Every structure is written in C-alpha cells, then in structure tokens.
Amino acid sequence: MSTIKSNALKQSARRHRALKDLGAWLIMLPGIALFAFFVWVPLAEAVRMSFYKTQGMRTTEFVGLYNYSYMMLKDPDFWPAVRNSFLYTGWSLVIGFLVPMALAMMIHETKRGKSLFRTAVYLPNMMPALATIFLWKYLFRADQTGYVNMLLGKLGIAPVSWLSNAQLVIPVIVVIMTWKGAGATTLIYLAGLQSISQEIYEAAIIDGAGIWSRIRHITLPQIYNLARTLFILQIIAVFQILYEPMVLTGGGPNNASVSLMQLVFRQAFELGDYAKASSVSVMVSVVLITMTLVYNQLSRKKEM
Amino acid sequence: MKKFLSLMLAALMLLSTASAMAATVTLGIYPVDTDSAAKENHDTYYIPAFKELYPDVELITSNYTYAVETFTALAESGKVPTIFETWYTEPQKLIRNGQVADITDALTELGWLDKINPSIRALLSDENGRVYGVPRDGYALGMMLNVEVFEDAGLVDENGIPLYPKTWDELIETGKIIKEKTGSAALCLLAQDNAGGWHFSNIAWTFGAQLEVQDENGKWLAQLNTPEVVAAMTMVQTLVREGLLTSDPTSENWGTGFAQLGTGAAAMYIAANDAVNQPTQNNGLAVDKLMMIGMPAGSARSYSLSGGTPYMFAANATQEEIMAALKYLEIMGRAPVLTEASKAGLRADAEYRVANGIPVLPAFPVWTDEAFNQAQADVVAEFSNVDDRMFENYFDAVSAEGGLKMEEPMETQQMYGELTKVLQEVVTNPEADVQALLDTANANLQTILDENVNK
C-alpha cells in the first residue's frame, strides 16, 4: 500500500515538475525560436557552406577543405588581414584598456557633477555608429581642412596624413573606437567601484593614505577580477572589427588596415563567393571560441 | 458575316494584347529622391504616358542603385526590381549566377534584338547567344577640365579656350603652372576604391600596356608588371612627387572627384561623357566652364576606356513584366523605336538637361537603328547648350580609329582592386618601389585568374 502511495506521490511530483518546466519552456520558446532562426541555423549553414563551392548563396559541389586552403595559402589579403586583426586587438589594449578604468576612477572620485560626467562619457555610445565614423573622418582629414591638422597647424606642425599612413592608420582607428566605446565600459567599472565598501576607504584615510595609495592598495585589487573579464571581452570584440576600417579607409592604404571580418564582407558581398567568406568566418570563430574558453576559465576562477 | 468575324478577331487580338500587358513592374530605374528634377520627368511625363497606353500594368516606383554588396542577397530573396541599371563589367557575372532574366524572346518579338550594337550585345549575352539586357548608353573616359581654374592660371588662348595637355608630360608641366598660380591641384586621382584601378587601367593603356592576355592554350595571363605598366605608374609617382594631386588621393572616389573638379580644388579629373551632370548640376560648375578632352597620351597613344550602363531584368520577372518594362524604356526614348512617344521622351530628357545646367552632348550609338540615332542627333543639335570647341578634342579622340578600348575582360573588378592597392602605396609613399609593388599585384591577379578563370 505504501509503495503504491509513494509511486503515486512520485508521479504527481513529476507531473508537477513537468508543468512547472512547461511554463519555463513556454517563456523561453520565443527566445529559442529567434536564436535558432537568426543565430544557430545561419551558424550551422555557414559551417556547411564553407565545405562547398557556391553559386550565389546555393551550394553546388562538396570541396572539403579547399576554401580554407585557398584562403590561407593563396588569397593575397588573408595574411595582412590576420596580422591587422591582431594589431587592432593589441593597440586596443595599449590605447583603450586603461582609459575606461581611469575615467571611472576619476568620476568615482568626483564629488560634484558626477552624473554630468557619467552622461558625458556615455554620450558617444548613443550616437549612431556611422555618424561617429564620418565625424572622425572629417576630423582626421589629411590636408589643412582636417580639424586635427588645423589644431596642429596652430602649433606650427605640418599636416599629417592620419588615415593614409600605413603606420598610423590602425592606432588612429583604435583611438576613434576608444572614444566611441569607452563610455559603456566606464559605467561597468563605475558600478564595480561603487560596490567597494566606503568603510575601507575611510579606514585608509584615517591611516593617512593619499589618493594614489588608495587607488593602488584598495581600488585596483577590488576591481581586478572585473578588469580581467573586461580585458578578455575587449579582445573578443576588437578582433571582429569591421565597419570602422571599412568606412574610414576601405582597408587601405594597400591593405594596411584591412581586417578579417572585412575580408569576409568582401568575399561574400563584393565578390559573391559565400563559401570562401564562410571559411574565413569559421576560422575567426575558432579563434574567438578559443578566447572564450580562456575567458570562461578565468571567470570560473573569479567565481571561486 | 465576314465583317463580324473580322471585328471579333480584332476584339480578340486586343484582349490578348491587353492580357499580355497585365503585369506589375517594379521600376528600379526610377530616380533617387534627391534628384527631384529627374523624378518630375518620370512623374509628369513617362508614367502618365505609359499609363495611357498600358492601363492594366501596375508601375511600382522604387529606386535601386546597383551595388555588388547587396545584389546577391536581393536576388536570392527574389527582391530585385523588374528592371534595374548596372554597368558593363557586371552582366557576365550576373548571367553566370542565374541572377538575371533571359529577354531574347521579348527582344525578338519587339524587333530590337538585331539593333543592339554588336560589341555591346556580346557583353550582354551568354555563350549560347541568349541576350539578358539592353544598353542604356555608352561612355568613354576622357579628361574633364575646370575652365575657371585654367583661366585663373592664365592657361587660355585668345579665344578663351584652355591650353589643355595632350600628353602626360604636358599635363605635368601644365599642372606645375596651375599649382603655382592658383594653388589648385592639377589632377584628382582616385585611390580609395576600385575606381582608382579602373582609371589607372586607362592611363596604362596610353603607355602601350595590355593588362591581361590569353596564351595559345587559352590561359589568361596577368600583365600588371610589364615595362609599360611600370612607366605609367612611375608617371603617377612623378605627379605625387611634384605635389600635383589633391591632398589625399586615398580618400577620393568617383563622387568626390567630381566635387574636387566642380569646386575648382582640382583642375582636371578623369571622367566620362555620361557624367557631365556631376561637376555641373551636382557641384555647381557653370555649364560653359566645363571642358572635355581626350585622355592624354603616354609613350603610346591616347585611348579611351569605353563602357556603359545596361538595363537588366530580375530573374523572377515574367515575360509580361519584361515586355512591360521594355515598353517603359520605349516611352523614355531609350529604345530603338521612333514613335511620337519616344521622340517626345528624347526631347523631355534634353529639356531637363538644359533646365538643370547639364551639357547636352551627342550620345554614343548603342543601337544600330539609323532613324533612331538621327532623331537623337537632331534633338542634341536643337537643344545644344555648350560651345562645341570645348568638347571637340574629346569627340575627336573617341572617334579616332582604334581610339576606344573596352575594359579588360577577366576578373576586371579584382584587377582594379590589385591596381588600387599599388596606387595607394605610391600616393602615400613617394619612394615606393613601383616594380616590386606591381610584381606582387601581378602575382595576386594571376592567382585570382587561375582560381576563377583558368580551369
């Protein structure tokens, strides 16, 4: 009798759980459908396409790894694009990694007008991306009509070809990206800073610690884990740079600023070779998945 | 009874014609919103005239500017307008990809098929001779001059005609005077995108270059590093070293070039007769201050790169839709048909040009129909708004024996891309090793030819 009763109880619990799960599944369904339609299916299709020859967007013939070998061994733009994608990432860490951290600390230390500065640093994020790029394109024009060159002219410095100088072009693009993107990261750092207990600072002040000492011994250790996470996220984001060089320089001069994602765009939309574009996308994905694994590893450590 | 039968037959024929013309046509050739004068031409003349003749055809106006970046996506989703414009380097790719409609039957029915200029027909046909488009017009590259800048530099003869350069060496010397007297750049050279390679290929021809050749086995060979191409690129390097170009050629494209010319920032710009509205209507240069000359000669002779704009049709368009779209071209005066409507269309276009300060120039014959070409020439003569001497050298150059050259045939856009990369290096680094850069470009183009053509 008791076995029957316990079985009935188990069944009822299962039904209850299934009903509870059903609700959860129903809530998730639209999200899952959208993800499947816009992300997972295209992703799987791109991987499949990379092993075929294509006519338009239709696959015609299975060619195995041919598209990969062509892009890596023969395509004249592939290796410059690989080199540049890493250069963008490297320069973004040199130029752009510390900027939001410093901004957040400055705003955090500000006593009056905090929300004004918070809004000000976030403002470039709210501007349409292409408008920002065109704005900077005018600022960095090569001749005396470029605003940056006008300012330099006042100091007696000759005009600089900012975007058509092979050595300068990537750092300049990274400066523009930093101006546009630093605000969002600054707000994340600010949230991190605000979660640090004021008591620690107060104790430090009583002990006679100055501002630099407080930053070094309290602020930096407290936001270390956050900075580590944002560091990885920045690498992943910048490695996929596309529209900034596409609009500012078209990848030039002579491939000096072409990126891997731009190569994908060029193969797919300018040359109509979706198979080769897919093969580069898959290679970019492999690099990014590797970076994400590193990121997850670090996040796990952070949680511990 | 006989009368009744013939009436019935006539009614039936009318009905069948009407049903054949019951279609919905999306006009991708409708002008952009910003071109209000051209839109007015369609709205007040072409569309009402078409509606009167073909009331059962629904016209949807939807400007589409052909772009390689968007076309495949549109074609795959079946959203290409029924009729659209592209350029002559594109038809073969579109035909190969099955992205445009075969219009041979419609052209045969209309009697237009054999009236297409044979060399243009070849560009619009597949290997079986089926035709996929009709020509809108042709163009030939030459050099546009801002007459005001030449006047300011004192480079005009006693009649006020600019003392224009006939060779690249003369252009350099003329350019130095312009630079010194006016501060304007002598030439706006493009190096931002493939248009740079497109213009440069014409410059290279004038030095005797041929950029692609086919060997005896039918294999296509890249020829981007021959002494002729090196000489042409070295001439560009001289322009850079002498400071005769606009400040940053890597930010100049087809459109900005016209702005530089129209506003006098540059005295000269490589451009074609079909774009005379760009410096004038779009950039404010008075119609009598524009001059066109033939392409300066290098160590060989003057050549003009010849191309043009074809109309093509969506792959999913029905025969009725294609026929209706072709009839719309007829109303616009863009078909080899002389009707009252098409004659009025030609006049409407010329009137629009005069009213908007655009030179009315003789057209390149894209149809072999003599009556149509004569009508076109008559309209130009009637509405001419330019001093013929300003365009004499240009038309002499393009009508000279062998003066026109069609674009290099294989992987043309990719070839332009490779040449543009070299140009970008040369214009940003005056000490660039031209031979080494062209060797790399040549190897790259050969790889592309081997991958896509030599199979």
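Remember, it's a predicted structure, so these values are computed and weren't measured experimentally. (Residues numbered from 1 in each chain as written. Chains lettered and ligands numbered in written order. Predicted model: local features only at pLDDT ≥ 70, side-chain atom pairs only at ≥ 80, totals over all residues.)

Quick notes on the overall build of chain B
For clarity, the threshold we go by: Each helix corresponds to a stretch of at least 4 residues labelled H or I by DSSP, and each strand to a stretch of at least 2 residues labelled E; elements are numbered beginning at the N terminus. We compute the radius of gyration over the C-alpha atoms and compare it with the globule rule, which gives 2.2 Å times the number of residues raised to the power 0.38. Exposed residues have 12 or fewer other C-beta atoms within 10 Å of their own C-beta, buried residues have 20 or more, and residues in between are partly exposed; the C-beta atoms are placed from the backbone. Once C-beta atoms are placed from the backbone, any two residues with those atoms within 7 Å are in contact.
Along chain B, the regular secondary structure elements total 18 helices and 11 strands. The C-alpha atoms of chain B give 24 Å as radius of gyration, which agrees with the globular expectation for 455 residues (23 Å, within 12%). For the C-alpha atoms alone, the extent of chain B along its principal axes is close to 90 × 55 × 40 Å. Counting over 455 residues, chain B shows a buried share of 49%. Of the contacts formed within chain B by residues at least 6 apart in sequence, a portion of 78% connects residues at least 24 apart.

Considering the overall build of chain A
Tallying secondary structure elements over chain A gives 13 helices and 2 strands in all. A globule of 304 residues ought to have a C-alpha radius of gyration of about 19 Å, yet chain A, at 26 Å, is considerably larger. Taken along its principal axes, the extent of the C-alpha atoms in chain A is 100 × 75 × 30 Å. Once local pairs closer than 6 in sequence are excluded, the contacts in chain A between residues at least 24 apart make up 65%.

Re the interface of chain B and chain A
Interface size, as often reported, equals the accessible area lost upon joining of the parts. Spelled out, the test is: Polar here means any residue other than Ala, Val, Leu, Ile, Met, Phe, Trp, Tyr, Cys and Pro, which are nonpolar, and Asp, Glu, Lys and Arg, which are charged; Gly is therefore polar.
Across the contact, 20 residues belong to chain B and 20 residues belong to chain A. For the side of chain B that touches chain A, the leading source of residues is helix α3 (residues 68-76) of chain B, giving 5 residues. Residues of the side of chain B that touches chain A, tallied by class, amount to 2 nonpolar, 11 polar and 7 charged.

Re the domain arrangement of chain B
Residue and element names in this part refer to chain B. As a reminder of what qualifies: Domain start and stop points were drawn from an automatic or database domain assignment.
Taken as a whole, chain B is organised into domain 1 (19-139 + 307-383) and domain 2 (142-305 + 410-452). Centre-to-centre, using C-alpha coordinates, domain 1 lies 30 Å away from domain 2. If you look at the interface, domain 1 gives 9 residues, while domain 2 gives 12 residues. Of the residues assigned to the side of domain 1 that touches domain 2, the class counts are 4 nonpolar, 4 polar and 1 charged.

Some points on the pairing of strand β8 (residues 266-272) of chain B
Residues and elements named next belong to chain B. The cut-off we apply is this: Note: two strands are recorded as paired if DSSP finds a minimum of 2 bridges between them.
Judged by how many residues are buried, β8 sits mostly within the fold: 7 of 7 residues are covered. Pairing between strand β4 (residues 133-146) and β8: 5 bridges, direction antiparallel. Residue pairing in the sheet places L145 in a bridge with M268 of β8. Relative to β8, strand β5 (residues 185-188) runs parallel, the two being bridged by 3 bridges. Among the inter-strand pairings, C188 is bridged to a residue of β8, identified as Y269.

Remarks on the domain arrangement of chain A
Looking at chain A, the domain boundaries give domain 1 (2-49) and domain 2 (66-303). A separation of 39 Å is found between the C-alpha centroids of domain 1 of chain A and domain 2 of chain A.

Observations regarding the environment of F200(B)
Residue and element names in this part refer to chain B. Along the chain, F200 falls in helix α9 (residues 194-205). The buried category is assigned to F200, around which 26 C-beta atoms lie within 10 Å. Sequence-distant contacts of F200, defined by excluding residues within four places in its chain, comprise L419 and L423.

Notes on helix α18 (residues 434-452) of chain B
Applied cut-off: To estimate how far a helix should extend, the number of its residues minus one is multiplied by 1.5 Å.
Compared with the 27 Å implied by 1.5 Å per residue over 19 residues, the 27 Å span of α18(B) between its first and last C-alpha is a close match. Where α18(B) is buried, its residues meet β7 (220-222), α10 (227-241) and α17 (412-428) of chain B.

Description of the confidence of the model for chain A
Formally: Each residue carries a pLDDT score, the predictor's own confidence in it, on a scale running from 0 to 100.
Chain-level statistics for chain A give a pLDDT mean of 89 and a share of 97% at 70 or above. Taken element by element, the predicted model of chain A shows its lowest mean pLDDT in helix α13 (residues 274-303) of chain A (84) and its highest in helix α2 (residues 66-73) of chain A (96).

Notes on the confidence of the model for chain B
Residues and elements named next belong to chain B. Of the residues in chain B, 95% reach a pLDDT of 70 or more, and the chain-wide mean stands at 90. Within the model, pLDDT remains below 50 along residues 1-20, and this stretch shows 3 contacts once partners closer than five positions in the same chain are excluded. Our summary of model confidence lists the complex with pTM equal to 0.84 and ipTM equal to 0.81.

Digging into the packing of helix α14 (residues 340-355) of chain B against helix α15 (residues 370-383) of chain B
All names here are of chain B. Quick note on the threshold: An axis is simply a line fitted to the C-alpha atoms; with a helix, the fit covers only the stretch in contact. Between two such axes, the angle follows the N-to-C directions and lies from 0 to 180 degrees. Note on terminology: angles under 35 degrees are roughly parallel, angles over 145 are roughly antiparallel, angles of 65 to 115 are roughly perpendicular, and the others are oblique. Handedness of a helix crossing follows the sense of rotation of the near helix relative to the far helix, less than a right angle counterclockwise being left-handed and clockwise being right-handed.
At a minimum axis distance of 10 Å, the contact between α14 and α15 shows a crossing angle of 30 degrees. Classed by the angle they form, the pair α14 and α15 counts as roughly parallel. Considering how the two elements wind past one another, α14 and α15 form a crossing that is right-handed. Across the interface between the two elements, K343, L346, R347, A350, E351 and V354 from α14 touch A375, Q376, V379, V380 and F383 from α15.

Details of unusual backbone geometry
Comment: phi is negative for the bulk of residues other than glycine, and the bulk of peptide bonds are trans. Residue and element names in this part refer to chain A. Going from G252 to P253, the amide bond is cis rather than trans, its omega being -5 degrees. Following the sequence through the fold, P253 ends up in the loop between α11 (243-248) and α12 (260-270). Unusually for a residue other than glycine, N254 sits at a positive phi of about 45 degrees. The residue N254 is located in the loop between α11 and α12 in this model.

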